[in-house]
Amino acid sequence: MAIASIRNFGQILSRVQSHPTTYRAFSAATTGISDCTLSRTAEQLSQLPTIGYVYLGEVPYRKALEMQNQLCRRRIDEIYALPQADRADLNLRQFSDALILLQHPPVYTNGRRNHGKLQPDEIERLHALDCDYVETNRGGEITFHGPGQLVGYPNLYLKDHFLATKCFVKGLEYTIAETCAHFGIEAKTIPGFPGVWTSPTQKVAALGTHVQRYVTSHGFALNCTTDMKWFREIIPCGLEGKTAISLQTLMEQHGKPNCDTSVDAVLPVLRQSFAKVFGCNVKPLEDVSPATFKFIQELVKL
Amino acid sequence: YTESHEWVRIDGDTATIGVTDYAQNALGDVVYVEVPEANTEVEAEDVVGIVESVKSTSDIYSPLSGTIIEGNANVVANTKLVNKSPEADGWLFKIKFSDKEQLDALLDATKYKQLIEDGH
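Participant: How do you make sense of the packing of helix 6 (residues 165–182) of chain A against helix 8 (residues 263–278) of chain A when you look at a structure like this?
Facilitator: Each pair of packed helices can be described by the angle between their axes along with the distance between the axes. Residues and elements named next belong to chain A. Helix 8 packs onto helix 6 with a crossing angle of 135 degrees between their chain directions and a minimal axis gap of 8 Å. The angle between helix 6 and helix 8 places the two elements in the oblique class. The two elements helix 6 and helix 8 cross, and the hand of that crossing is right-handed. Mapping the contact onto sequence places F168, G171, L172, Y174, T175, E178, T179 and H182 in helix 6 and V266, V269, L270, S273, F274, K276, V277 and F278 in helix 8. Split into classes, the residues belonging to the contact of helix 6 with helix 8 amount to nine nonpolar, five polar and two charged.

Right under this line is the structure:
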């Protein structure tokens with residue numbers, strides 16, 4: 001399902017330059033996502049839990065991976081210890097959904113289907129760039145994470161949200177598109193090519209998730225001010241002829257080089273977009289579930 | 001059937017297992033499949049395989065304990081079988097199960113239909 005595109009980009013740009021506030025109101029409607037339900041009924045939408053968000057700053061990839069593995073394990077144990085009839089009762093649980101936001105030091109990661117497929121000399125070449133290489137259980141293929149890139153790991157129990165896997169992924173794609181729209185950038189999904197694209201060959205965000213007993217891990221990586229040089233060392237996501245791009249480069253291309261697209265500037269926009277697309281409240285994790293907050297903090301502290 | 005949308009076809013002490021039509025629709029186009037190897041010992045609720053679609057890998061669990069007889073190599077080579085024929089040619093693995101009592105925990109067709117209709 002393609003996202004409705006901004007019809008007159010020039011008009012928006014001139015509006016941005018003269019009236020920043022009207023631009024904001026206009027952009028909220030442009031992607032046409034405001035009435036997107038991700039296949040849920042009105043009744044289901046009224047029952048969605050609040051998601052707690054936390055921004056962890058820069059965390060080494062392997063540490064974040066271990067944290068996610070343990071968090072998923074903990075949540076699965078808690079949910080499935082309950083009798084089937086009680087699993088929907090949020091009051092019986094200590095742990096909540098979490099939207100984990102962070103950055104990583106430079107690292108290349110790969111998905112499950114490429115386990116053991118990268119040649120040793122290729123891995124050495126990546127190490128020589130002063131970069132780690134980690135194989136994971138997520139979907140998708142090879143990609144890069146590094147400073148200037150906003151990485152998001154939504155840890156959701158999909159049944160609380162009445163979401164099928166494909167609707168969950170669609171939700172992530174829409175969240176990113178909605179975030180881009182805030183900056184006046186038109187971003188689309190392309191059927192058959194998961195990810196979020198600003199042109200037929202340029203991807204602004206990568207996607208790759210893992211679902212275990214309806215609990216999600218991994219997520220998305222949005223290039224805010226990432227140095228694109230890292231992507232030129234690999235074939236990102238195994239797609240020949242396609243490249244990665246950042247919000248910063250896009251703003252430069254659109255004649256707005258001074259627009260702040262740093263991770264700090266994008267964070268609140270992404271949170272709002274996520275809440276809008278997924279139809280639920282997104283509040284600080286320490287308030288939503290102190291237990292979850294503490295669990296995560298313990299595992300990522302230095 | 002299981003609550004995680006797998007179907008189980010019993011034949012003596014052998015069970016053939018795959019994902020239901022409901023599951024393949026919820027997943028989207030399947031692009032990668034891992035199935036268990038023959039002679040692997042598994043416990044119920046162990047992860048025995050993986051299905052990937054829309055850049056999401058989903059773990060497949062064995063509903064029964066026992067010994068794997070065979071993983072479906074056809075489905076690994078032709079992943080679209082899971083979408084096109086999830087309840088026939090798209091079967092994932094066969095197991096020689098060891099505990100008949102575990103079958104009692106499975107849902108019959110009526111209960112499974114109820115589960116889907118209730119919006120799970």
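Participant: Which parts of the structure should I look at to understand the nonpolar core?
Facilitator: Membership of the largest hydrophobic core comes to 51 residues, with the highest contact counts inside it found for L150(A), F168(A), I176(A), V204(A), L222(A), L247(A) and F278(A). Elements represented by at least two residues in this core include exactly strand 1 (51–58), helix 4 (61–81), strand 2 (98–103), helix 6, strand 9 (202–212), strand 10 (215–223), helix 7 (247–253) and helix 8 of chain A. By residue number, the principal contributor to this core is helix 8 of chain A, which donates nine residues. Apart from the residues lying within four places of it in its own chain, the contact partners of L222(A) are G148(A), Q149(A), L150(A), I176(A), T179(A), V204(A), A205(A), L247(A), V266(A) and L270(A). In terms of nonpolar packing, the next biggest core, distinct from the first, is built from 22 residues, I68(B), V75(B), L81(B) and V82(B) among them.

Participant: What's the story with helix 8 of chain A in this structure? I'm lost.
Facilitator: Two residues of an α-helix separated by three or four positions point the same way, owing to the 3.6 residues in each turn. Residue and element names in this part refer to chain A. For helix 8, with 16 residues, the first-to-last C-alpha span of 21 Å sits near the 22 Å given by 1.5 Å per residue. All buried positions along helix 8 are accounted for by V263, V266, L267, V269, L270, S273, F274, A275, V277 and F278. Positive phi shows up at G279, right after helix 8, with a value of about 70 degrees.

Participant: Looking at this structure, I do not really get the environment of E45(B). What am I missing?
Facilitator: Looking at the element boundaries, E45(B) is found in the loop between strand 4 (41–42) and strand 5 (47–53). Separated by 15 residues in the primary sequence, E45(B) and I60(B) place their C-alpha atoms 8.9 Å from one another. Residue contacts for E45(B): discarding those within four places in its chain leaves R213(A), Y61(B) and S62(B). Within the structure, E45(B) has its side chain in polar contact with the side chain of R213(A) (distance 3.5 Å).

Participant: Whenever I open this one, the sheet that holds strand 1 (residues 6–11) of chain B confuses me. Can you help?
Facilitator: Pairing between the strands of a sheet comes from backbone hydrogen bonds, and it takes one of two forms, parallel or antiparallel. Taking strand neighbours across the sheet as the criterion, the five strands line up as 1-2-8-7-4 (chain B) in an open arrangement whose pairing is antiparallel. Edge positions in the open sheet fall to strand 1 and strand 4 of chain B, since each of these has one partner strand only.

Participant: How should I be thinking about the packing of helix 4 of chain A against helix 10 (residues 290–300) of chain A in this particular structure?
Facilitator: All names here are of chain A. At a minimum axis separation of 9 Å, helix 4 and helix 10 run at an interaxial angle of 145 degrees. When the axes of helix 4 and helix 10 are compared, the crossing they make is right-handed. Along its contact with helix 4, which presents K63, M67, Q70, L71 and R74, the element helix 10 presents T292, F295, I296, L299 and V300. Residues belonging to the contact of helix 4 with helix 10 are distributed by class as follows: six nonpolar, two polar and two charged.

Participant: How should I be thinking about the interface of chain B and chain A in this particular structure?
Facilitator: Each partner contributes residues to the interface: chain B has 21 residues there, and chain A has 26 residues. At the boundary of chain B with chain A, total buried surface from both sides reaches about 2,000 Å², with 46% on carbon and sulfur atoms. Seen at the junction of chain B and chain A, the total is four salt bridges. Between E34(B) and R112(A) there is a salt bridge, with the nearest N and O atoms lying 2.7 Å from each other. Seen at the junction of chain B and chain A, the total is 14 residue pairs in polar contact (both at pLDDT 80 or more). Listed by contribution, the elements that provide at least two residues to the side of chain B that touches chain A are helix 1 (21–27), strand 3 (30–34), strand 5 and strand 6 (56–61) of chain B. Ranked by the residues each element gives to the side of chain B that touches chain A, the list is headed by strand 6 of chain B, at five residues. Taken together, the residues of the side of chain B that touches chain A break down into seven nonpolar, eight polar and six charged.

Participant: For this particular structure, what's the right way to read unusual backbone geometry?
Facilitator: Negative phi values dominate among residues other than glycine, just as trans dominates among peptide bonds. Despite not being glycine, L38(A) has its phi angle at roughly 55 degrees, a positive value. With respect to the helices, strands and loops of the structure, L38(A) is situated in the loop between helix 2 (20–30) and helix 3 (42–45). Backbone geometry places K55(B), a non-glycine residue, at a positive phi of 60 degrees. Relative to the assigned elements, K55(B) resides in the loop between strand 5 and strand 6.

Rules behind the numbers
- Here, residues in each chain are numbered from 1, in the same order as that chain's written sequence.
- Chain letters and ligand numbers both follow the written order, the letters beginning at A and the numbers at 1.
- Only residues with pLDDT of at least 70 are given local features in this predicted model, and only at 80 or more are side-chain atom pairs given and counted; all residues enter the totals for whole chains, interfaces and linings.
- Only hydrogens and water are removed before side-chain values are computed, so all heavy atoms of the structure are retained for them.
- Fitted lines through C-alpha atoms serve as axes, helices being fitted only where they are in contact, and the angles separating the N-to-C directions of these axes extend from 0 to 180 degrees.
- By the criteria applied, helices consist of DSSP H or I runs no shorter than four residues and strands consist of E runs no shorter than two, each listed in order from the N terminus.
- Any angle that is under 35 degrees is reported as roughly parallel, and any over 145 degrees as roughly antiparallel; angles of 65 to 115 degrees are reported as roughly perpendicular and all others as oblique.
- Two helices cross in a left-handed way if the nearer one is turned anticlockwise from the farther one by less than a right angle. They cross in a right-handed way if the turn is clockwise.
- Contacts between residues were defined by any pair of non-hydrogen atoms, one from each residue, lying within 4.5 Å.
- Under this grouping Gly is polar, as are all residues other than the nonpolar Ala, Val, Leu, Ile, Met, Phe, Trp, Tyr, Cys and Pro and the charged Asp, Glu, Lys and Arg.
- Here, nonpolar core refers to any group of buried Ala, Val, Leu, Ile, Met, Phe, Trp, Tyr and Cys residues whose side-chain atoms link them within 4.5 Å.
- The cut-offs for exposure are 20% and 50% of the maximum accessible area for each residue type, with area from a 1.4 Å probe on protein chains only; residues under the lower value are buried, those over the upper are exposed, and the others partly exposed.
- Take the number of residues in a helix, subtract one, and multiply by 1.5 Å to get its expected span.
- Residues adjacent in sequence count toward polar contacts only when both atoms are side-chain atoms; beyond that, a polar contact is any pair of N or O atoms within 3.5 Å, and within protein one must be able to donate a hydrogen and the other to accept it.
- Note on pairing: DSSP must find at least two bridges between two strands before they are called paired.
- Two parts placed together each lose some accessible area; with a 1.4 Å probe, that loss summed over both constitutes the buried area.
- Salt bridge, as applied in this entry: a Lys or Arg side-chain nitrogen positioned within 4 Å of an Asp or Glu carboxyl oxygen.

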